[in-house]
Amino acid sequence: MDLHVHSSVSDGSFCPEDLILYAQIHGITTLAIADHETIIHYNEYSQFADHFNITLIPAIEINVSDCKNLHILGYYIENRAQLEETILKIRKKNQEICYNVLESLKKEFGISLNPLETVSYSPDRILDKKAITKAILNQGYATNVKDVYDKYIGPGAKSYIPIEKMTAQKVIQLIHDNKGVAVWAHPYTISRADGSSIIGAEFDQMAKKLIDYGIDGVEVFTSKHSKEQTSYLASLAKRNNLVVTGGSDFHSEDVHQIGCPELTQKHIEKLQLKARRYNRLFNFQLQNRSRG
Ligand SMILES: [Zn+2]
Ligand SMILES: [Zn+2]
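Because the structure is a prediction, the values reported are computed rather than measured. (Residues numbered from 1 in each chain as written. Chains lettered and ligands numbered in written order. Predicted model: local features only at pLDDT ≥ 70, side-chain atom pairs only at ≥ 80, totals over all residues.)

1. Quick look at helix α1 (residues 16–25)
Along α1, the positions that sit buried rather than exposed are Pro-16, Leu-19, Ile-20 and Ala-23. Mapping the buried residues of α1 onto a view down its axis gives an arc of 100°, with all of them on the same face. Residues of α1 that are buried sit in contact with β1 (2–5), β2 (30–33) and α2 (42–51). Downstream of α1 by a residue or two, Gly-27 has a phi angle that is positive, lying close to 75°. (Buried ≥ 20, exposed ≤ 12 C-beta atoms within 10 Å, placed from the backbone. Helix = DSSP H or I, 4+ residues; strand = E, 2+ residues; numbered from the N terminus. Arc of directions from axis to C-beta. Contact = placed C-beta atoms within 7 Å.)

Structure, rendered in structure tokens:
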């Protein structure tokens, strides 16, 4: 099982079909492709996954503005087209900002990136900072992603222009409005603008805030956490009656291993139960039946 992987629809290296086949080879029977800021292609992949006896859970991962690396996962979302539309509006607004980043790069650093070529780095041809990063790396102006942000487009750099992001409160509400379950992804990766980790009392404050906003679950099992962090999150989940999830955050073969060995059928059932408790899963199954 794995409840958190990425395909080339966002920033993963495998296309969804290859990712599903790859997951099958690795013995995975339940999978959630949680691409960044997009969920619309779920129906296509889900039918493909069915052929290979993989249960594909609809999922999305959304970056929020409250602090760096605060990501919210949405599972079992029913109104996927509606959610996609809301997010697409923001992405298109941010595209304008990113064109200004291209101009700034030229003015401040003499880095001239062809807009058409740069946009081709984005899987759905909407210019964003990921595409700009890839273009900069490809031109050899930096050696890695951190380098790109530190030197050119990150906070404090000359071509930094902030894009619009939704707050955690808004995203949790949006997931609920579209009949999904909201889960806090890899909690211990949250950090301040300077990159320093948020831990201790400050971490607890963020957890409390998200719980107050109505977060349904927490991604306890991920290789990004230490043993101590994992058990702390497990008890946090228990105390606050939150669903426990887990995933590899698989992007590519050379960086990650697919699968989350700690995850059991019980965890999936509890996630489903949460969805059902919101009267969501019932409709989801109906949709699936009429589809297939
Ligand atoms: Zn993430
Ligand atoms: Zn992720």
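2. Digging into the nonpolar core
Leu-31, Ile-33, Ile-72, Tyr-75 and Val-183 are the most contacted members of the largest nonpolar core, which totals 58 residues. When residues in this core are grouped by element, the largest group, five residues, is from helix α7 (residues 168–177). When residues no more than four places from it in sequence are discounted, the contact partners of Leu-31 are Asp-2, Val-5, Ile-20, Ala-23, Ala-49, Ile-54 and Leu-56. If you look at the next biggest cluster of nonpolar residues, it comprises 14 residues, including Cys-98, Val-101, Leu-102 and Val-148. (Core = buried A, V, L, I, M, F, W, Y, C linked by C-beta atoms within 7 Å.)

3. Overview of the pairing of strand β5 (residues 71–75)
Burial analysis of β5 places five of its five residues in the buried class, the great majority of the element. Every second residue of β5 is oriented toward a common face, with His-71, Leu-73 and Tyr-75 on one face and Ile-72 and Gly-74 on the other, all of them buried. Relative to β5, strand β4 (residues 59–63) runs antiparallel, the two sharing five bridges. Of the residues in β5, the one forming a bridge with Ile-60 is Gly-74. Relative to strand β6 (residues 181–184), β5 runs antiparallel, the two sharing four bridges. Residue Leu-73 lies in a different strand from β6, and its bridge partner there is Val-183. (Pairing = 2+ DSSP bridges.)

4. Some details on the sheet that holds strand β3 (residues 55–56)
The strands that make up a sheet are held in pairs by hydrogen bonds between backbone atoms, and each pair lies either parallel or antiparallel. Ordered in space as β1-β2-β3, the three strands form an open sheet in which the pairing is parallel. Unpaired on one side and paired on the other, β1 and β3 mark the two borders of the sheet. Of the pairings in the sheet, the one linking β2 to β3 comprises two bridges and is parallel in character. Residue pairing in the sheet places Thr-30 in a bridge with Thr-55 of β3. Lying on the sheet, α1 is in contact with β1 and β2; it crosses β2 at an angle near 150°. (Axes fitted to C-alpha atoms, helices over the stretch in contact; angles between N-to-C directions.)

5. Let's talk about the sheet that holds strand β8 (residues 243–246)
An order of β4-β5-β6-β7-β8 is seen for the five strands of this open sheet, with the pairing classed as mixed. Where the open sheet ends on each side, the last strands, each with one partner, are β4 and β8. When strand polarity is set aside, the average angle formed by the axes of neighbouring strands in this sheet is 35°. Those strands touched by helix α10 (residues 265–277) are β5, β6, β7 (217–221) and β8, and its axis lies near 125° from that of β8.

6. Things to note about the domain arrangement of the protein chain
Structurally, the protein chain comprises domain 1 (2–78 + 179–291) and domain 2 (87–153). Between the C-alpha centres of domain 1 and domain 2 the distance comes to 27 Å. Taken together, the contact pairs five residues of domain 1 with four residues of domain 2. Partitioning the side of domain 1 that touches domain 2 into residue classes produces one nonpolar, two polar and two charged. (Domains from an automatic or database assignment. Nonpolar A, V, L, I, M, F, W, Y, C, P; charged D, E, K, R; others polar.)

7. So, the packing of helix α5 (residues 129–138) against helix α6 (residues 145–153)
Here α5 crosses α6 at 100°, and the two axes come no closer than 10 Å. Overall, the two elements α5 and α6 adopt an arrangement that is roughly perpendicular. Facing α5, whose interface residues are Lys-129, Ile-132, Thr-133, Ile-136 and Leu-137, α6 presents Val-145, Val-148, Tyr-152 and Ile-153. Here the contact of α5 with α6 is built from residues that sort into seven nonpolar, one polar and one charged. (Parallel < 35°, antiparallel > 145°, perpendicular 65-115°, else oblique.)

8. Let's talk about unusual backbone geometry
For Glu-37, which is not a glycine, the phi torsion comes out positive at approximately 55°. By C-beta crowding, Glu-37 is classed as buried, having 21 other C-beta atoms within 10 Å. Positive phi outside glycine occurs at Asn-241, with the angle close to 55°. What makes Asn-241 exposed here is the crowd of 10 C-beta atoms within 10 Å.

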